Each structure stands twice: as structure tokens, then as C-alpha cells.
Amino acid sequence: MKTYNELMDEARKNVGTLCHACPVCNGKACGNNMPGPGARGDNAVRNFDAWKEIRVNLDTINENVTPDTSFDFFGRKLKYPIFAGPVGAMNMHYGDKYNDLEYNDILLAKCDEAGIAAFTGDGLYPEIVIAATKAIKKHDGKGIPTIKPWDKDTLNEKFALVKESGAMAVAMDIDAAGLPFLQNMEKPAGSKTVEELSEIIKDAGKPFIVKGIMTVKGALKAKKAGASAIVVSNHGGRVLDDCPATAEVLPEIAAAVGGDMMILVDGGIRSGCDIFKALALGADAVLIARPYVTAVYGDAEDGVSILTEKLGKELRETMKMCGCASLTDIDDSCIW
């Protein structure tokens, strides 16, 4: 099995022209040409930098135990509070090495084996969700399909595929309403009212995650609509200029709805220490997207294992050095 550095060296040969497979994926090298819909302003960089401004509090006067990193996700016990984030249109954005079905097949299987779970992506072409849900069905529903806020007819078509896949939960990246290709569709697509979202959630018939929440007001709307969880996310800094970083808004959102629904967060989280900080700010778990792309493109199945164990080891080490025996011990007293 490759080392992490060897994995990244190999990924640079395979990820196409937009992604540079940087040693640390911080948005600085790719800038507004970030794979996918690009980035708006310096939002992607701001997401990354905000985690680095938070410090952790060293405390080693504690019982000497191996920290328990396990996390309950709607009745499924995961080894770590980590999810691979949703990515779609692999050929278009990351080169020819993998299509969506091949990428999701590798990602879902190895995330499950590594003790975590993966979200799958959506996009302009129907084949993206067809491939994602086919891979989820193949792996006994162990994946979370993420559907964009399309018009009603398109949603009905895509959610029929989701139901057939047996997915353990489903997500909607509601902030994708800001993506140009969604706004330019002939049929109405984009933002949803609370009432529209409530109907979508009821029809889904399984734990529903609303991704793209950046305010307390938005979190309360998702709660009112019946969401089981939210992802504090600004779509990787891709949809709105001058948006705050996810780390900046997470504490107030978690304080408002954390007791009522699961709180996930993404945006520039790149290490186990970052994961620790996210949990200290009120999240239950995190999503990490592009690093899992480079992991797969660097060493396929082994790449997922290498990255997951790297993150898990960093999280355990941070917990141990900050006196946290389990995830429930992590709170805002652990950061400075």
C-alpha cells in the first residue's frame, strides 16, 4: 500500500487539468477554476483558512485511554464521524480515469470497509444520478445520494431512482440553487419554500439531510420542513460571493438546532484536527469531498483507506492530547 505522499504523487498524474492534487487542498492553486462550477471570490480559501484560525487546548492530565471515535448515523455505527462528500460528473471535472459509476463503486465500497460512509453527487446529466444510485444499490444501500433542487418532475424521476437504490438516507444540496446550470433550465428549478421542501421530505420516506445551511434562520426552516439533519455548507464557496466561512457560522447554528437534528459541516476541512475543531464548535460529523477524489485517483480502493486512516489517526491523537475519551467529550472548552 502506498504512503499518503505517494498517493498524492500518483493522483497528480490522473486528475485532469483543473485539479492540481495539491498536498493540501485549500483552493489557492485552482482558484476560480476549481473543478465543478469553480469558486466565487475567495470563499473556498476562506473556508480553509477559518479552521486554521481556531486553536485546540492541550490537556493531558487525564486517564490514559484510546479515544473512542465511533459515531451513530441513524442507527448505523460508523468508525469515525467522517463522510466522503458528494461529487459528480467525474469525467468532465477530473479527467478520463473514472466515470461516475466507477468512481462511486470504488468510493462506496471502500468507505464502508473503512468504517465511514459516502455521499454521492448529482449534476446536469441524468446519467450522474443513475450511476450513483446504481452503485448504492449494488452496495446494499450504503450511501447517501445528494439531489439538487430541481423542478418537481425532475425530482420525481430522481427520487424514484433513490428509492429503488435502498439508500440509507437522502440529501438535497439546497444551495445548488445558485449554480448557473440550474438557474438556466427551461423548467423552474432552484430555491424551495418550506412547504415545498416539506413535501419533498415526506415523499422521500427516509432520513433527509438538507445541505447548504448557513444561517440560524435557514436551519430553523429546514427543521420546520422536517429535515433529520443539516449540512452547514456554502457549497465549497461556489455559489455566493462574500459568504462567511462555515466555521464562522457553525456555533450559532448548532446552538439553535443542535438538540433537534443532526448537524454536519463541510468546507475546507482537511485534517483530523480540523474534524476535532468542527465537533468542538457543535457539529456531529463532517463531510470531506475533494480529498477523497484525489485519494481515489491516486490509489483507487487503497486510496480511500489511506486517507480515512490518516484522518482517523489525526482525530484520535488530537482527542488524546486534549483529554477527550469519546466524541461526546469534545465541546467548546477544547478550543481557543
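Shown above is the structure to which this text applies.
Quantities reported herein were computed from a predicted structural model and do not represent experimental measurements.

Enquirer: Quick question: what am I supposed to make of the overall build of the protein here?
Expert: Regarding its fold elements, the protein presents 12 helices and 10 strands. Here the C-alpha atoms of the protein give a radius of gyration of 19 Å, agreeing with the 20 Å that 2.2 N^0.38 yields for 336 residues. Of all 336 residues assigned to the protein, the portion counted as buried reaches 57%. Put simply, 72% of the contacts in the protein that link residues at least 6 apart link residues at least 24 apart.

Enquirer: How should I be thinking about the side chain of H235 in this particular structure?
Expert: Within the element layout of this structure, H235 appears in the loop between β8 (229-232) and α10 (246-257). Looking at H235, the relative accessible area reads 10%, which means it is buried.

Enquirer: What exactly am I supposed to notice about the nonpolar core here?
Expert: The tendency in soluble globular proteins is for nonpolar side chains to be buried side by side. Among the nonpolar cores identified, the biggest contains 109 residues, and F83 and Y292 are the most heavily contacted of them. For this core, the leading source of residues is helix α12 (residues 290-321), giving 12 residues. Ignoring any residue separated from it by four or fewer positions in sequence, one finds F83 in contact with F71, F73, L78, A117, F119, I144, L264, A285, V286, L287 and I288.

Enquirer: Hey, could you run me through the side chain of K110 in this one?
Expert: Here K110 lies in helix α4 (residues 100-114). Once residues lying within four places of it in the same chain are set aside, the contact partners of K110 are E301, V304 and S305.

Enquirer: Mind showing me how you'd approach helix α5 (residues 126-138) here?
Expert: Count 3.6 residues to each turn of an α-helix, and residues three or four apart come out pointing the same way. Over its 13 residues, α5 runs 19 Å from end to end, which matches the ideal 18 Å to within 8%, given 1.5 Å per residue. For α5, the full list of buried residues reads I128, V129, A131, A132, T133, A135 and I136. Against the buried residues of α5 lie α4, β4 (117-120), β5 (144-147) and α6 (152-165). One or two residues past the end of α5 sits D140, with phi positive at roughly 60°.

Enquirer: Could you clarify how one ought to interpret the environment of L182 in this entry?
Expert: Turning to its location among the elements, L182 is positioned in helix α7 (residues 180-183). For the pair L182 and D42, spaced 140 residues apart in the sequence, the C-alpha separation amounts to 22 Å. Apart from residues lying up to four places away in sequence, L182 is in contact with K148, P149, W150, A176, A177, A189 and G190.

Enquirer: Which parts of the structure should I look at to understand the packing of helix α2 (residues 43-52) against α10?
Expert: It is at 8 Å that the axes of α2 and α10 come closest, and there the two elements cross at 65°. The angle between α2 and α10 places the two elements in the roughly perpendicular class. Note on element contacts: α10 touches α2 through T246, A247, E248 and L250, opposite R46, N47, A50 and W51. For the contact of α2 with α10, the residue count by class is four nonpolar, two polar and two charged.

Enquirer: What is the right way to look at the pattern of salt bridges in this model?
Expert: Pairing between side chains becomes possible if they bear opposite charge and their charged atoms approach one another. Enumeration over the complete set of coordinates arrives at 17 salt bridges. K110 is the salt-bridge partner of E113, the closest N and O atoms lying 2.6 Å from each other. Placement of the pair is E113 and K110 together in helix α4, with a separation of three residues, close to one helical turn. A relative accessible area of 59% means that E113 is categorised as exposed. Judged by its relative accessible area of 10%, K110 falls in the buried class. Where K223 meets D260, a salt bridge forms, and the shortest distance between an N and an O atom there is 2.9 Å. Pair noted here: K223 is in helix α9 (residues 216-225) and D260 is in the loop between α10 and β9 (262-265), with a separation of 37 residues, a long-range link. For K223, a relative accessible area of 37% gives the class partly exposed. Taken together, the salt bridges that share partners define one network made up of K52, D274 and K277.

Enquirer: Before we go on, may I ask you to explain the pairing of strand β10 (residues 285-288) in this structure?
Expert: For a regular strand, side chains alternate in direction, first toward one face of the sheet and then toward the other. Neither face of β10 is left uncovered, since the one carrying A285 and L287 and the one carrying V286 and I288 both have all their residues buried. In this sheet, β10 lies alongside strand β3 (residues 82-84) in parallel orientation, the contact comprising three bridges. Within β10, the residue paired with I82 across the bridge is V286. One ladder, built from two bridges, connects β9 with β10; its direction is parallel.

Enquirer: Which parts of the structure should I look at to understand a nonpolar patch on the surface?
Expert: A surface patch of nonpolar side chains, amounting to about 310 Å² of accessible area, comprises M92, L124 and Y125. Residue placement: L124 occurs in the loop between β4 and α5.

Enquirer: Any chance you could explain α10 here in plain terms?
Expert: Counted at 1.5 Å a residue, the expected span for α10 with its 12 residues is 16 Å, and the 16 Å between its end C-alpha atoms agrees. Taken residue by residue, α10 has T246, A247, V249, L250, I253, A254 and V257 as its buried positions. Along the axis of α10, the buried positions cluster into a sector of 150°, meaning they face one direction only. In this structure, the buried side of α10 is in contact with α2, β7 (208-213), α9, β8, β9 and α11 (272-280).

Enquirer: Mind showing me how you'd approach the packing of aromatic side chains here?
Expert: Given two aromatic rings, one states the distance between the centres and the angle between the planes to describe the pair. In total, this model carries seven aromatic pairs according to the counting rule given. Judged by centre distance (5.5 Å) and plane angle (85°), the ring pair of F83 and F119 falls under edge-to-face. Highlighted residues: F83 in strand β3 and F119 in strand β4, separated in sequence by 36 residues. The exposure classification of F83 matches that of F119, with both residues buried. Ring centres of Y94 and Y297 lie 6.1 Å apart, and the angle between their planes is 45°; on these two criteria the pair is classed as tilted. Of this pair, Y94 sits in helix α3 (residues 90-94) while Y297 sits in helix α12, and the two are 203 residues apart along the sequence. Residues Y94 and Y297 agree in their burial class; the two are buried.

Cut-offs and rules
- Going along each chain's sequence as written, the residues are numbered from 1 onward.
- Confidence filtering applies because this is a predicted model: local features only for residues at pLDDT of at least 70, side-chain atom pairs given and counted only at 80 or more, and all residues used for totals across whole chains, interfaces and linings.
- With hydrogens and water stripped out, all remaining heavy atoms of the structure feed into the side-chain values.
- Every helix listed is a DSSP run of H or I at least four residues long, and every strand listed is a run of E at least two residues long, numbered separately from the N terminus.
- Both definitions apply: the radius of gyration is a C-alpha atom measure, and the globule rule equals 2.2 Å times residues to the power 0.38.
- Throughout this description, buried means an accessible area under 20% of the type-specific maximum (1.4 Å probe, protein chains only), exposed means over 50%, and partly exposed covers the range between.
- Should any heavy atoms of two residues lie within 4.5 Å, those residues are considered in contact.
- Remark: nonpolar core denotes a set of buried residues (Ala, Val, Leu, Ile, Met, Phe, Trp, Tyr, Cys) joined through side-chain atoms within 4.5 Å.
- A helix is expected to reach a length of 1.5 Å times the quantity of its residues less one.
- Axes, fitted as lines to C-alpha atoms, cover a helix only where it is in contact. Angles between the N-to-C directions of the axes lie from 0 to 180 degrees.
- We call two directions roughly parallel when the angle between them is under 35 degrees, roughly antiparallel when it is over 145, roughly perpendicular when it lies between 65 and 115, and oblique otherwise.
- Lys, Arg, Asp and Glu make up the charged group, whereas Ala, Val, Leu, Ile, Met, Phe, Trp, Tyr, Cys and Pro make up the nonpolar group; the residues left over, Gly among them, are polar.
- For this document, the term salt bridge refers to a Lys or Arg side-chain nitrogen within 4 Å of an Asp or Glu carboxyl oxygen.
- Pairing between strands is defined by DSSP: at least two bridges between them are needed.
- Within this analysis, patches are made of residues with over 30% relative accessible area and no salt bridge. Like charges are joined at 9 Å or less; nonpolar side chains (Val, Leu, Ile, Met, Phe, Trp, Tyr) at 5 Å or less.
- To be clear on the numbers: accessible area is Shrake-Rupley with a 1.4 Å probe, and residue cover counts the displayed protein chains and nothing else.
- The reported arc concerns the directions from the helix axis to the C-beta atoms and nothing else.
- Put simply, two rings from Phe, Tyr or Trp (the six-membered ring, in Trp's case) pair if the centres are within 6.5 Å, and we call them stacked under 30 degrees between planes, edge-to-face over 60, tilted for the rest.

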